[in-house]
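# Close look at the chain arrangement
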Amino acid sequence: MVKKNSETKKEEQKVVREPTGYRGKLRTRLEKEGIGVWSQVRVKKGDALYEGVILPRSQHTTEGYLVLKVDTGYNIGVKITEDTTIEEYGYKEGKYKLPDISVTFKDHLPNVTLLGTGGTVASRLDYRTGAVLPAFTPEELFSAVPELIDICNLTPKKIYSLLSENFKPEFWVKTAEAVMKEFKSGADGVIIGHGTDTMSYTGSALSFMFQNLAAPVVLVGSQRSSDRPSSDGPLNIINASHIAGYADMAEVVLCMHGGTSDSYNLIHRGTRVRKMHSSRRDAFRTISDIPLGVIDANQKVTFLKDDVKRRGDIADTWIDTKIDPKVTILYFYPGMNPDTLDAIIDKDYHGVVFVGTGLGHVNTDMYPALSRAQEEEIPICIVVEPLYGFTNLRVYETGRDMLAKGVFEGANMLPSTAYAKMIWTLGHTRDVKEVEKIMTTNIAGEITNKEMNKGYMLMQGVEPGLDELLKKINPNPREHTWPGSKEK
Amino acid sequence: MLDLTKIDFKKMGFRAGIEVHHQINTKRKLFCHCKPVLSHGEPDYRFERYFRPVLGEMGDFDEGMLIEYEKGYRVIYHAYEDSVCVYEQDEQPPFWPDNEAIYLGFELAHWLNFSALVDEVVVSRKQYLDGSITTGFQRTMIVARDGWVPIRGKKLRISNLTVEEDSARKIKTENFGRTVYYNLDRLGMPLVEVITDHNDCDNPQDLQRAAEYIGLTLRLSGIGKRGLGVVRQDVNISIRGGHRVELKGVQDLSTFVDLAAREVARQDMLIKIAAMLKERIFKKKELEHTYIDLTDKFAEKNIPKNSVIMGIRLPKFGNLLGLEIQPSKDFGQDIIEKAELISGIPRSNLFHSDEIYKKAFRKLREKTLRKRKEQFQENIFFPLVTDKLDKDIRKTLKLKKEDGYFLALGPQTWVVHAMKKIIERAKMALDGVPLETRRFLPDNNSEFLRVIHGQDRLYPDTDTPPIDMDIQKIEELKKKVQKRPWEWETEFKEKYDLDYLKVKAMIRHETITTVQDLIEKFKLNPKKCYCFIEEILLALRREGFDTSKLTIERTAEIIKGAEDGVYDFNQVSNIAKTIINDPQKSLKQALSDLKIRKISDTELQKLFAEALSQLTKFKDEKIAAKDGSINNRIADKITGTIMRRTNGSISGKTVYDFVLEKLEGKISS
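Residues numbered from 1 in each chain as written. Chains lettered and ligands numbered in written order. Predicted model: local features only at pLDDT ≥ 70, side-chain atom pairs only at ≥ 80, totals over all residues.

### Focus on the overall build of chain A
In terms of helices and strands, chain A carries 12 helices and 23 strands. Out of the 488 residues belonging to chain A, those deemed buried represent 45%. Long-range contacts, defined here as pairs at least 24 residues apart, represent 70% of the contacts in chain A between residues at least 6 apart. (Helix = DSSP H or I, 4+ residues; strand = E, 2+ residues; numbered from the N terminus. Buried ≥ 20, exposed ≤ 12 C-beta atoms within 10 Å, placed from the backbone. Contact = placed C-beta atoms within 7 Å.)

Structural data, given as structure tokens:
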């Protein structure tokens, strides 16, 4: 640490002025005048005088503007014209760092590892894109969420720094291996920090990969960015830590807000959960079932399902990570041209998850392509566009025709789950009959043999009694803790 | 007692600035498409949140934010479907900001002489952890810098103009202030914030004038929204040797001077206390975080379950805590208020050593309230801490004569938290005035609200890219600028001898152009025009008359009639009423209906003679009093009689003057 500091000092002495992010004429001009980011400048344009620190310019913004942080802390953009003068009078570099908290592990607390993949609880600004980047060291994490210190001995490790849309099936394998490594090193539970967009895909994949899982694997993220004081991230990570450290459960789960309030989180089975809103905290919902459990504002866990797999001996746990990612998802719509499926066959895909309408139907135009897939031994798993409910290709003639052309029903698997399962299955066999057998057998809760009434709780806002429900506040809120008074 | 009237602001090195927050007139909220309307009654839904600080752009936690976090608020929101959407719930990123609102900001910048307009607007986030904003930050953008308003021949600079979203409305607090309720309707309404330069103002009167000019500009330009609660003002005040203190929530500009005086007194006393501590060779390290349990010194029945009483030493603070820093408020109380706000221990469970005296301010106040039979929370310690117990406590705490102490009662963690805050605050005493944001109390004193927010709580909004403005369009907005309040003021003073107070009223009521038209186009007397528009019509509106039925031509006709002597000016109200009731009615008809006619001097003379003879004949009244002057009673009676008989066609004053003159004549003859 000390060394690093002296290095930075040296750099400052060199007085390198880099106009980071500035382009075109303005960049040339700044370089020529030896002015760059963090320069304190006076900009004169006609009667107007602007004074402030030059900030890096983000990409995808208009050329020719200088961004200044002025004395009040605000940023402004000034259009630089030829008769504008820029005069440097100082230099003030911004250093972005959460204050360190030194942490000593306590024997009586469980050991939990937090594997970072890109989802964050603390983050910082990226001047290049103007977007948010994760800040991810143990010290930063504890500084941002000090409550964690008293919950478990948490070791954060970064395995990659990825936006979740950039995930690939290969990363599921690496993630599973990383989790396994932690279990072997004595972790009582593992948390995976993950971008929320594809979190349920990873959840599904890991569910299939872990065999005889003996401890919890908890995926967690934040829907509202962690650079805001209202972020759901901190509470999510607190709850996830609690589940990973203490809950008597041994499954791959997602732990995210249950409602818009910071009052309880839901524990979703990795294979049954779906992101149902682009931005809300409570976007994650278990589909066609109720969640596995709930964790309240004081971290009390209640399981709601009686088939929760309990903790066991970690020595029995192993991972089966054979995969074949040459799988695609097709989404059927009226007028869909069969050349979409043909193209996939031409491109030598090994398996298809086909999202059919209603009970799982596609149009008759698609039949020749289906037959072709059958001939070329490409398994096609049908799931339903409505997301809720089962496929059934025996009710209507279309369905029966489709079955005759070799497709098989994916029961009530979610499209994302069926996709991850197909990839995993094809890693084990290319035999179409064998694939169908594995795909249609429940392995990790992805297929339920019944749907309970509460499995379909899509409220429309008009249900009697709902208005009263929406007005209620949490009767069991967080007990107040006083971070300031703990330090005595 | 502190004498505020003796404060010489200039001598004290008084400096002050004001922040005017004013809602502006737009069709939608700033970052979503909800209507900017207030909602009432039972909310459609509720939800709750907790907040924690995040790093500022330069990489630091803001000190003020950490203190806010320590308060540990549970925040409960009340939301209505007609004024709130998922954006205010902080469940979705913002929509593109309302361009109309941003351009209104630029227009206002032209009105207020801003020179440095922003070419590219960067939306920033300003952290607030009190729950008043669901995101935990206010989205705000600076649109211009370096403006000014003229105050008594000098330029008072306005440093910044921002356009930002308004916060939620606080409803109430519970659980010792730890649970806060907000109504979300106001959140996201666009407002402008105008900030004057702290260094340019050395007396409260000038600051008041600047604030009024800004408010009047918002009214004249039509940029400001009208109605209750659309404006909030915060001031910042410092004196020489003190520090800039922010005072939130000035309700009434007329209380300004008093507010300022109380803050000056406070800072002055805090500086004196720092000097006294230095004299006592006090060092900060003498203040230790050693909290001593004193529970067993008190009878058990006085202490609620799960609670403890603790004491803490304040070396060399003896007799300083009782010093009056604002009228009827001592230094110890200032510390107690801060400890209460952060820890949640109510002030009635806190006590400082100088409150052993019978004349301690809080004791006196309790006495007054008791006498008035008002409900209040009695301090737990006042009856319990006797001289004997005080001695015992001082012994246990190992205090010397010049030392002081604090006591607190509550759950242990809360008490420890409160004591920690007391020590922190006491340490600051050596530096005089702490940088604080304070809030005004009903008596114009103030109390701690939060540590002053620094610039580290500001960072760019990652949800909205910088907005390049249409520079041409901004330039064109200059054309919308018309006469500014100070220009109206000068013009009305010089041309019509109408003073600032009258100008202020006319701008507020949006009547100033009408009054000027009456004066200029219809060549009428300025004072009469003002009086008719501002006083007479206002009175009529209060009586329920729809004065909008009176066109400017009819108005001019009525005033002119009085000026030409067709009737007395005191009749214009009645004439106006008649015409409002039937706008088609001609003035002649109205006069006839009201039986108003011109009274000639001869007729007046006749009426006087009749009234006088009646009085002297039947009542035997004497014209002159014993000392030879006019008998006032007889003058009044004669005037009354004449007024009745002329049906008010002539003004009381004219008649009275006439009567006096005639009586005078009678006596001297």
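### A few points about the overall build of chain B
Helix and strand counts for chain B stand at 20 helices and 23 strands. Here the C-alpha coordinates of chain B stretch approximately 95 × 75 × 50 Å along the principal axes. A burial count over chain B gives 48% of its 669 residues as buried.

### A few points about the nonpolar core
Grouped together as the largest cluster of nonpolar side chains are 186 residues, with contacts concentrated most on Val143(B), Leu161(B) and Ala210(B). The element contributing the most residues to this core is helix H4 (residues 256-279) of chain B, with 10 residues. Ignoring any residue separated from it by four or fewer positions in sequence, one finds Leu161(B) in contact with Gly105(B), Leu108(B), Ala109(B), Leu112(B), Phe114(B), Val143(B), Ala144(B), Gly147(B), Val192(B) and Val194(B). Listed in part, the 97 residues of the second largest apolar core include Met256(A), Val327(A), Val352(A) and Val362(A). (Core = buried A, V, L, I, M, F, W, Y, C linked by C-beta atoms within 7 Å.)

### Regarding the packing of helix H3 (residues 204-221) of chain B against helix H12 (residues 500-508) of chain B
Residue and element names in this part refer to chain B. Packing of H3 against H12 leaves a shortest axis separation of 9 Å and a crossing angle of 35°. Here H3 runs over H12; the crossing is left-handed. Between H3 and H12, the residues in contact are Glu-212, Leu-216, Arg-219 and Leu-220 and Lys-504, Ile-507 and Arg-508, respectively. Here the residues of the contact of H3 with H12 are counted per class, giving three nonpolar, no polar and four charged. (Axes fitted to C-alpha atoms, helices over the stretch in contact; angles between N-to-C directions. Left-handed = near helix turned anticlockwise from the far one by under 90°. Nonpolar A, V, L, I, M, F, W, Y, C, P; charged D, E, K, R; others polar.)

### A look at the pairing of strand E20 (residues 327-331) of chain A
Bridge count between E20(A) and strand E21 (residues 351-356) of chain A: five bridges; the pairing is parallel. Across the sheet, the residue bridging to Tyr331(A) is Val355(A), located in E21(A). (Pairing = 2+ DSSP bridges.)

### Re the pairing of strand E21 (residues 446-451) of chain B
Residue and element names in this part refer to chain B. Two strands pair when backbone bridges link them, and strand E20 (residues 436-440) and E21 are joined in this way by five bridges, in the antiparallel orientation. Paired with Arg-439 across the bridge in E21 is Glu-447. The hairpin formed by E20 and E21 contains five residues between the paired strands, and Asn-444 there has a positive phi angle of roughly 75°.

### Brief notes about helix H4 (residues 169-184) of chain A
Residues and elements named next belong to chain A. Over its 16 residues, H4 extends 23 Å from the first C-alpha to the last, a length consistent with the 22 Å expected when each residue adds 1.5 Å. Within H4, the full set of buried residues consists of Pro-169, Phe-171, Trp-172, Val-173, Thr-175, Ala-176, Val-179, Met-180, Glu-182 and Phe-183. Within two residues after H4, Gly-186 carries a phi angle of roughly 100°, on the positive side. (Expected span 1.5 Å × (residues − 1).)

### Thoughts on the domain arrangement of chain B
All names here are of chain B. Split by domain assignment, chain B resolves into domain 1 (12-244 + 455-460), domain 2 (276-431), domain 3 (483-593) and domain 4 (602-668). Distance from the C-alpha centre of domain 1 to the C-alpha centre of domain 3: 38 Å. On the domain 3 side, the residues contacting the nine residues of domain 1 number six residues. Elements with a minimum of two residues in the side of domain 1 that touches domain 3: strand E7 (137-151) and H3. The element that contributes the greatest number of residues to the side of domain 1 that touches domain 3 is H3, accounting for six residues. Among the residues forming the side of domain 1 that touches domain 3, the class breakdown is six nonpolar, one polar and two charged. (Domains from an automatic or database assignment.)

### With respect to the environment of Glu535(B)
Along the chain, the position of Glu535(B) falls in helix H14 (residues 526-543). Placed 334 residues apart in sequence, Glu535(B) and Cys201(B) show a C-alpha to C-alpha distance of 34 Å.

### Digging into the packing of H4(A) against helix H5 (residues 199-209) of chain A
Think of two packed helices as two axes; the pair is described by the angle between the axes and how far apart they sit. Residue and element names in this part refer to chain A. Packing of H4 against H5 brings their axes to within 10 Å, and their N-to-C directions diverge by 55°. By the angle between their directions, the pair H4 and H5 is classed as oblique. The way H4 lies across H5 gives a crossing that is right-handed. Here H4 contributes Pro-169, Trp-172, Thr-175 and Ala-176 to the contact with H5, which in turn contributes Thr-202, Ala-205, Leu-206 and Met-209. Its residues assigned to classes, the contact of H4 with H5 comprises six nonpolar, two polar and no charged. (Parallel < 35°, antiparallel > 145°, perpendicular 65-115°, else oblique.)

### Concerning the sheet that holds strand E14 (residues 264-269) of chain A
Residues and elements named next belong to chain A. Pairing within the open sheet is mixed, and its eight strands lie in the order E9-E6-E10-E12-E13-E14-E17-E18. Strand pairing shows two members of the sheet lacking a second neighbour, strand E9 (153-158) and strand E18 (301-303), which therefore form its edges. Adjacent strand axes in the sheet meet at a mean angle of 25°, parallel and antiparallel pairs treated alike. Across five bridges, the pairing between strand E13 (residues 252-257) and E14 is antiparallel. Directly across from Cys-255, in E14, lies its bridge partner Ile-267.

### Here we look at the confidence of the model for chain A
Residues and elements named next belong to chain A. Scored by pLDDT, chain A comes out at a mean of 89, with 89% of its residues at no less than 70. Between residues 1-13, whose pLDDT stays under 50, and residues either more than four places distant or in other chains, the model counts two contacts. Note that pLDDT drops below 50 for residues 481-488; the model gives that stretch 14 contacts with residues more than four away or on any other chain. (pLDDT = per-residue confidence, 0-100.)

### So, helix H8 (residues 367-375) of chain A
Residues and elements named next belong to chain A. Within H8, burial applies to Ala-369, Leu-370 and Ala-373. Along the axis of H8, the buried residues cluster in a sector spanning 105°; they form a single face. For H8, the secondary structure elements touched by its buried residues are helix H7 (339-346), strand E22 (380-384) and helix H9 (397-404). Remark: Glu-377 follows H8 within two positions and exhibits a positive phi of approximately 60°. (Arc of directions from axis to C-beta.)

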